[in-house]
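# Coordinates in review
Each chain, written out:
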Amino acid sequence: MKLGPETTSKPGKKLNLGAGWRPIPGYLNLDVAALNGIDIVHDLNKFPYPFKDNTFDEVCAFDVLEHLDDHIAVVKEIHRILKPGGKLRLMVPHWNSNGPTFDPTHKHSYGYTTFEYFCKGYRPEFHYYFDFQFSKLRRRIRFSGGLQFWNVLIEPLANAFPMIYETTPFRMFPCEGIYAELTK
């Protein structure tokens, strides 16, 4: 199975946070702006979100966390509204991508290990950081397509050896972002 934003999980109640101009059919689409296809208008910087605990089987947050004030509080809130076994699927800019540099609305960027801090068993020395934990993590460094032929070669290598990619001159090939799936 390909790991990426185009992957879907089993049918169930699904939420698309920060849908913007890209609402997803079959999802409850939420955004701060009342755009076409938006079902709920809500500012994701305002807590709590207008949902009960354990409501959703899946929450998508594609290209949204980096725009929010407190992305840790947002991940905690998503954890609250996910059902046990539910998945958070997200896409965020990698620290080595052009997004954090060029987009003045980006407040955060991420590395391959960022979401380990939210999951059991990955960073036990920091287990006390948060009062919530996800049970499973899958992630990939994503490169953009286009005419950059090296992306086809570098992406598999970057994912096979993510720490080598991030800490050596191989990072001269900028990636697009991190795609991650966290399971509650």
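Since the structure is predicted, the reported quantities are computational estimates derived from the model, not experimental observations. (Residues numbered from 1 in each chain as written. Predicted model: local features only at pLDDT ≥ 70, side-chain atom pairs only at ≥ 80, totals over all residues. Heavy atoms only, no water.)

Take the side chain of Asn 29 next. Along the polypeptide, Asn 29 turns up in strand E2 (residues 28–31). For Asn 29, a relative accessible area of 4% translates into the label buried. Within the structure, Asn 29 has its side chain in polar contact with the backbone nitrogen of Ile 24 (distance 2.9 Å). Setting aside anything within four residues of it in sequence, one finds Asn 29 in contact with Asn 16, Ala 19, Pro 23, Ile 24, Gly 37, Ile 38, Asp 39 and Ile 40. (Helix = DSSP H or I, 4+ residues; strand = E, 2+ residues; numbered from the N terminus. Buried < 20%, exposed > 50% of the residue type's maximum accessible area, 1.4 Å probe, protein only. Polar contact = N/O pair within 3.5 Å; in protein donor to acceptor, adjacent residues only side chain to side chain. Contact = heavy atoms within 4.5 Å.)

Grouped together as the largest cluster of nonpolar side chains are 39 residues, with contacts concentrated most on Val 59, Leu 65, Leu 88, Leu 90, Phe 115, Phe 134 and Leu 182. Counting only elements with at least two residues in this core, the list comes to strand E1 (14–17), strand E4 (56–62), helix H1 (71–81), strand E5 (82–93), strand E6 (136–142), helix H3 (150–160) and strand E7 (177–183). The contacts of Val 59, once residues within four sequence positions are left out, are Leu 15, Leu 17, Ile 78, Ile 81, Leu 82, Lys 87, Leu 88 and Arg 89. Formed by 5 residues, the second largest nonpolar core is a distinct cluster that contains Cys 60, Phe 62, Met 91 and Tyr 179. (Core = buried A, V, L, I, M, F, W, Y, C linked by side-chain atoms within 4.5 Å.)

The share of residues in the protein with pLDDT of 70 or more is 91%, and the mean pLDDT across the chain is 89. Note that pLDDT drops below 50 for residues 1–10; the model gives that stretch 23 contacts with residues more than four away or on any other chain. (pLDDT = per-residue confidence, 0-100.)

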